[in-house]
Amino acid sequence: MQIVACYSNKGGVGKTATTVNLAYAFAASGRNTLLCDLDPQGASGFYFRIKPSQKLTEARFFEDAERFVKSIRGSDYDNLDILPANMNFRDFDIFLSHMKDTRSRLKKALKAVKNDYDVVLLDCPPNISILSENVFRAADAIVIPVIPTTLSQRTFEQLLEFFQQHDLSTKRIHAFFSMVQGAKTLHGEMIVELTRNYPKQIMAAKIPFASEIERMGITRAPVLATTPNSPAGKAYQALFDELIERI
Amino acid sequence: MNLTSTNFYISVEQLNNLAISSIQGLTPALEWDENEHNFAILDCFEQSLRKSRRLLLAIDEQVELLTEEGVILSQHVKPNTRFVAEFEEGPVKKALADLSPLRALLTIASGTMKTGTLILTDDEEKTCARAKLQKLIPANGKAVVLVTPQGLRGYDQALSDLTTYIRTHGGTPLTAGNLYRMIDHSCVNYVSKPAIEIHPEETVFDTATNLIATYLPVVRANEYGVIHDLDTEFLHDYRVSLRKIRSVLSLLKGAYDVNQTLQLKMRFSALMAPTGALRDLDVYLLEQASFYTLVPHTMHAGLDAMFSLIADRRMEEQARLAAHLKTHRYKKEIKALVKLFSKKHKLKPGPNSSRASHDLACELIWKRYRKICRLAATINVATPDEEIHALRIECKKLRYLMEFFGIIFPQELFDSILKSLKQLQDSLGLFNDCSVQQLSLQSFVDGLSDEQHRFIITQSVGSLITILHQRQFAEREKIMNAFAHFSSDRIQRSFRTLCQNKKEL
Ligand SMILES: Nc1ncnc2c1ncn2[C@@H]1O[C@H](COP(=O)(O)OP(=O)(O)O)[C@@H](O)[C@H]1O
Ligand SMILES: [Mg+2]
C-alpha cells in the first residue's frame, strides 16, 4: 500500500482539485483507492457529493478501528472510497501510524471487510505544521502544487529546508506547477527558474488554470470523470502518468 | 468496492415500475448501455445448475456464473465449448467441478442482452445504491431482467432498502424461483429417476403400470439428445429406462396376462436392440483416458490407431441410430406403447394383478436376497467368471426391485441395506468391466481385417488385456469381502425386518 499526500503550506493552490482527480485516476487504473479528506472544510467529500458524517465529528474515533471503517463511504466510481473530513490532529496522527502498520487493528478491520487499499491519498489542510513531520514520514510520495509566483517559490523552498533540517529525504517530493496561466510572462519565467534549480523535485506535467476545474464546484465530480478530453483533464492524466512512473 | 448481495430476476414491466417512485427517500433511475451482447443460459439436461441454485450465462466470449451465495464469477471461454472439462482453467471451471463430466452444457435460452444500472441517488445526487441489470431478450420466450444489487461502502441502509423494494415489487430471488420457466413456460424439468408413489394397498397391476408409464416419458425425453448426439448420457438414460421397464415386466411376475407380458418383453427388447452397439463404442471412448494410463508409453501409438478407428465407427453407429429413431416405424411403436400404458384399458390383468404390491415386493425382495446369499456362499478364488457374472445380474435385479418399491419401506433401514448393496455392485461392476473389456478388446482385434495399423493395435491391446486381467483378479477378493458383508447377520436381520409382514419368513 502506498500513501500519497497532497500538501502545501498555502491554501487555495489546487491541493483538493488535484487530490480528487488523482484519486479518480488511481481508481480508474484498477487500484483500490481511499481518499482521506483531512481538511475540516471537507471539500474533497463535497466534490463526490458525500455528506459529512455525524459520526466523524466525535472525538477520537480512531481508537475504534471498526467505527473508522464504518465511516468510509463508497464514491460513485469503481475502486474509489472516501473518508469524509473532520478528523482532529490527534486522530490524524494515529491514523497515519495505523495505516502503515500491517498488524494494526485498523488494517485488520479493513481486511475484515475485504477492503485493504492499494493507495491512500491524503488531501491535507494547509498549516498542519505540528503534524507536518508525521505526514512527511508516513507518505511514500508528497505531491506539492506550486503556483508559479515568487511567493510560492519561497514557500516551496521553505519546505525543502524543513525536509533537510529534519533529515527527511527530498526524493519523495513531487512538485508540479498548478493554475498555470500561459499568458502570464511571470509564470513562464518562474517555471524556467524553478525547474532549473530543482530538477529532481519538479515534474514536467503542469495543470493549467482552467474553467473546467473551477466548474468542479458545480458538476461535483472530478474533471477526469466529466471532461477527460479537455485540456485540464488531459493535464491531470499526464500528472498521474508521470507520478506513477516516479513512485 | 462493491458489495454483492442476493440476485433477482424480474419482468421488464416490473422493473420499469420499480423506477417510477422514490424508494425510502432516494430517487431511482434506469440507465441502459448502448451495446448489445449475445447471451446464452447454459445448463445440463437435468438442469443441475438451476437445481443447485446457480445460473451460468455465456456472454459473448465470457462465461459468468452466479453462485448460490450471490457471487458472480467469470472467465473467458472459447466459442462452442460444450463440456466443463473443455473450459480453460479459471474460477468458473473450478466452481463447476461438481457437475457430471459426462453432461454437455445445453442452451436453455439464447438471444441478445443489454446491460444497465438501476441507480438510487440522494438529494445531493450522490449514488447510494445500485443494481447491475442484465436484460435478457431471448430469441424465443419472454424477456427478463437479472438484477444484482450492489452496495456502496457506508450506505448499507440504502442497499437494504433497495433489496427489500426489489423483493416486494416483483423481483424473485434467483435461488428461489425458476428463471427458465419465466423465460419459457414450456421448459420442462427432466428427471432421470422420477420418484414414484406407491400406496401400500396398491395392486401389482397398478404398480407395474405406473412404473412403466413413468419410465416411458424418460425414454422419450432422451430421444432428442441421442439423435443430436448432445452427450453420451442421453443414450445411457434411454437404455436404463428401457431396461427398467423390461425388469418391471420380468420381476413383477403375473402383473399382466402371460402372453401379453411375453409380447411386451419382445417389443421392449426390440427397442433396446439397435442401441447396444453405440453404447459399447461410447464406453470404449469414455475409457480412453484410463486405457492410456494403464499401458506404457511405447504402447500409445497402437491405442491412438485403435481409438481413431473406434471414433469413426462410433460416428457411423450414431448416424444409424439417429436415423432409426427418426423413422416413422419407431415413432409409431413408441407412441403406441405410451398410449397402451397411459390409457391402460388394453392391458390384460395377469395371475398376480390384484395382489397388494407391497406383499409381492416383500416376497420378491426376500427371495432374491436369499438367492444371492446362497450363490455368494459358494464364491472362492476359483469361481468361474460366468458365475460371478450371474451374481451380478441377480444383484442388479434386487437393486431394481428395491428401487421400484423403495418408497413404501421405512427410509433409514432401506438406505442402510441399499448402501451395502451398492458397495457390492460397485465391486461387481468393476470386475465385470474388466472382464467385458478384455473380451471385447479381443474381439475388436479379431475383427480387424487388413486394416492399417493392425499390428501395432494388436500389440497395444495385448498389453492392455494383460493389465485388465490383473485388475480383475484383484477385484475378485474385494467381491468376496463385499459378499461376506452383504450376507452378514446384521444385513440379514435388516432384510428380514424390511420384509417382515410376510409371516412365513
Ligand atoms: N487549475 C485550476 N484552474 C482553475 N481553478 C482552479 C484550479 N485548481 C483549483 N482551482 C480552484 O481554486 C480554488 C481552490 O482550489 P483547491 O483545490 O480547493 O485548493 P486547496 O485545496 O489547495 O485549498 C477552488 O475553487 C478550485 O476550483
Ligand atoms: Mg483543500
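Rules and cut-offs
- In this numbering scheme, every chain counts its residues from 1 along its sequence in written order.
- Naming scheme: in the order in which they are written, chains are lettered from A and ligands are numbered from 1.
- Per-residue local features are limited, in this predicted model, to residues with pLDDT of at least 70; the limit for side-chain atom pairs, both in listing and counting, is 80 or more; totals at the level of whole chains, interfaces and linings are taken over all residues.
- The side-chain figures draw on all heavy atoms in the structure; neither hydrogens nor water molecules are used.
- Lines fitted to the C-alpha atoms define the axes, with helices restricted to the stretch that makes contact. Angles between their N-to-C directions range from 0 to 180 degrees.
- Where helices and strands are cited, they refer to DSSP runs of H or I of at least four residues and of E of at least two residues respectively, numbered from the N terminus.
- Working definition: roughly parallel below 35 degrees, roughly antiparallel above 145 degrees, roughly perpendicular at 65 to 115 degrees, and oblique for all remaining angles.
- Note on convention: near helix rotated counterclockwise from far helix by under a right angle means a left-handed crossing. Clockwise means right-handed.
- Whether two residues are in contact is decided by their heavy atoms: any pair within 4.5 Å suffices.
- Relative accessibility under 20% of the residue-type maximum defines a buried residue, over 50% an exposed one, and the middle range a partly exposed one, all with a 1.4 Å probe and only protein chains included.
- A pair of strands is treated as paired once DSSP finds two or more bridges between them.
- Here, nonpolar core refers to any group of buried Ala, Val, Leu, Ile, Met, Phe, Trp, Tyr and Cys residues whose side-chain atoms link them within 4.5 Å.
- Domain extents, as shown, originate in an automatic or database domain assignment.
- The quantity reported as buried area is the accessible area (1.4 Å probe) lost by two parts once they are put together, taken as the sum for both.
- Each salt bridge in this description consists of a side-chain nitrogen of Lys or Arg and a carboxyl oxygen of Asp or Glu lying within 4 Å of one another.
- What qualifies as a polar contact is a pair of N or O atoms within 3.5 Å, subject to a donor-acceptor requirement within protein and to the restriction that residues adjacent in sequence count only when both atoms come from side chains.
- Lys, Arg, Asp and Glu make up the charged group, whereas Ala, Val, Leu, Ile, Met, Phe, Trp, Tyr, Cys and Pro make up the nonpolar group; the residues left over, Gly among them, are polar.

As for the packing of helix α10 (residues 276-294) of chain B against helix α11 (residues 300-326) of chain B
Residues and elements named next belong to chain B.
- Between α10 and α11, the shortest axis-to-axis distance is 9 Å and the interhelical angle comes to 155 degrees. Taken together, the axis directions place α10 and α11 in an arrangement best described as roughly antiparallel. Every pair of crossing elements has a handedness; the one defined by α10 and α11 is left-handed. Facing α10, whose interface residues are A277, L278, L281, D282, Y284, L285, Q288, F291 and Y292, α11 presents H300, L303, D304, F307, I310, A311, R313, R314, E317, Q318 and L321.

Remarks on the pairing of strand β2 (residues 33-37) of chain A
All names here are of chain A.
- A large share of β2 lies buried, amounting to five of its five residues.
- What you see with β2 is no split at all: T33, L35 and D37 on one side and L34 and C36 on the other are buried throughout.
- In terms of strand pairing, β2 meets strand β4 (residues 80-83) through four bridges, oriented parallel. Within β4, the residue paired with L35 across the bridge is I82.
- Note: β2 against strand β5 (residues 119-123), five bridges, orientation parallel. Residue L35 lies in a different strand from β5, and its bridge partner there is L121.

Quick notes on the nonpolar core
- Ranked by size, the top nonpolar core spans 78 residues in total, and within it Y256, F268, F483 and F495 of chain B carry the most contacts.
- The element that contributes the greatest number of residues to this core is helix α13 (residues 357-377) of chain B, accounting for ten residues.
- When residues no more than four places from it in sequence are discounted, the contact partners of F483 of chain B are I372, A376, I379, L391, C395, L424 and L428 of chain B.
- In this structure, A17 and Y24 of chain A together with Y165 and I166 of chain B belong to the second largest nonpolar core, which totals 57 residues.

Re the domain arrangement of chain B
All names here are of chain B.
- We note that the domain assignment places domain 1 (3-183), domain 2 (191-351) and domain 3 (356-505) within chain B.
- A separation of 38 Å is found between the C-alpha centroids of domain 1 and domain 2.
- Here domain 1 meets domain 2 over a buried area of about 740 Å², counting both sides, of which 58% is carbon and sulfur.
- Of all residues in domain 1, F45, L102 and R103 give up the largest surface area on contact with domain 2, accounting jointly for 62% of the area buried on that side.
- Taken together, the connections running from domain 1 to domain 2 amount to two salt bridges.

Some words on the side chain of K126 of chain B
- Counting through the fold element by element, K126 of chain B comes out in the loop between β7 (106-121) and β8 (127-138).
- Residue K126 of chain B is classed as buried on the basis of its relative accessible area, which comes to 0%.
- Only 2.7 Å separates the side chain of K126 of chain B from the side chain of D76 of chain A, close enough to count as a polar contact.
- What K126 of chain B contacts, discounting residues up to four positions off in sequence, is F48, R49, I50, G74, S75 and D76 of chain A together with L120, T121, L152 and Y155 of chain B.

Quick word on the interface of chain B and chain A
- Listed per partner, the contact involves 13 residues of chain B and 20 residues of chain A.
- Buried surface at the junction of chain B and chain A, both sides included, amounts to about 1,300 Å², of which 38% is carbon and sulfur.
- Put simply, chain B and chain A have five salt bridges between them.
- A salt bridge links R220 of chain A to E124 of chain B; the nearest nitrogen and oxygen atoms lie 2.8 Å apart.
- Our count for the contact surface shared by chain B and chain A stands at ten residue pairs in polar contact (both at pLDDT 80 or more).
- Class assignment for the residues of the side of chain B that touches chain A results in three nonpolar, three polar and seven charged.

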